Amino acid sequence: DRFMWNCTSLQSIILPNTITTIGDRFMCHCTSLRSIILPNTLTTIEHDFMYNCTSLRSIILPNTITTIRDCFMCYCTSLQSIILPNTITTIRDWFMHGCTSLLSIILPNTITTIGDCFMCHCTSLQSIILPNTITTIGDNFMCGCTSLRSIILPNTITTIENDFMCDCASIQSI
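Residues numbered from 1 in each chain as written. Predicted model: local features only at pLDDT ≥ 70, side-chain atom pairs only at ≥ 80, totals over all residues. Heavy atoms only, no water.

## Description of the overall build of the chain
Counting its secondary structure elements, the chain contains zero helices and 14 strands. Along the chain, from the amino end to the carboxyl end, the secondary structure elements read β-β-β-β-β-β-β-β-β-β-β-β-β-β. At 16 Å, the chain has a C-alpha radius of gyration in line with the 16 Å of a compact globule built from 174 residues. Of the contacts formed within the chain by residues at least 6 apart in sequence, a portion of 21% connects residues at least 24 apart. (Helix = DSSP H or I, 4+ residues; strand = E, 2+ residues; numbered from the N terminus. Rg over C-alpha atoms; globule rule 2.2 N^0.38 Å. Contact = heavy atoms within 4.5 Å.)

Listed below in structure tokens is the structure:
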């Protein structure tokens, strides 16, 4: 836990191919981090993976990851895009909360469940397409996504929890 907590001068890191699990609060508050290379052996990312890494613009996740816990990349305010591997089936709570520069996210057709506060306050995101495998969406799904104009919901959704898209003033089509 807290592997590189508050290393504010760290700009890049390459993790060795021996790592399979990244513990809680791995690189929280590494505000100068711009580049990270994750190993192809990585299967699990625990809570608060890169919380408040405000200089990181993009990340490539290996196709070996099967588990991503809560608060995956909260408040990574420079992050602009992310592609999730097709090995993920569940997105946990507070997945990318407060990623205010996020422009695009690609979700794989393997996701069935999205937890609470999925992408709240991602104020630059304009559209999102949810894969046709999703059945459950948690509370506060995309609240405060003030630039969000459109979302495509699949007909596979059976449960949508409270405050689905509150404060999404720019939404034009669902």
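## A look at the sheet that holds strand 2 (residues 21-22)
One open sheet holds the three strands; their spatial order is 2-4-6, and the pairing between them is parallel. The strands lining the two open edges of the sheet, one partner per strand, are strand 2 and strand 6 (67-68). As paired elements, strand 2 and strand 4 (residues 44-45) share two bridges and run parallel to each other. Paired with T21 across the bridge in strand 4 is T44. (Pairing = 2+ DSSP bridges.)

## Considerations on the packing of aromatic side chains
All told, the structure shown has seven aromatic pairs when counted by the stated rule. With 5.8 Å between their ring centres and 10° between their planes, F26 and F49 make a pair best called stacked. Within this pair, whereas F26 is found in the loop between strand 2 and strand 3 (35-37), its partner F49 is found in the loop between strand 4 and strand 5 (58-60), the two being separated by 23 residues in sequence. With 5.1 Å between their ring centres and 15° between their planes, F72 and F95 make a pair best called stacked. With F72 in the loop between strand 6 and strand 7 (81-83) and F95 in the loop between strand 8 (90-91) and strand 9 (104-106), this pair connects stretches of sequence that are 23 residues apart. Across the pair, exposure class does not vary: F72 and F95 are buried alike. (Phe/Tyr/Trp six-rings, centres within 6.5 Å; stacked < 30°, edge-to-face > 60°. Buried < 20%, exposed > 50% of the residue type's maximum accessible area, 1.4 Å probe, protein only.)

## Quick word on the side chain of T44
Take T44: it is sitting in strand 4. Relative accessible area serves as the criterion here: at 13%, T44 is assigned to the buried category.

## Digging into the sheet that holds strand 10 (residues 113-114)
Taken in spatial order, the four strands make up an open sheet running 8-10-12-14, and their pairing is parallel. Where the open sheet ends on each side, the last strands, each with one partner, are strand 8 and strand 14 (159-160). Note: strand 8 against strand 10, two bridges, orientation parallel. Looking at the pairing, T90 lines up with T113 of strand 10.

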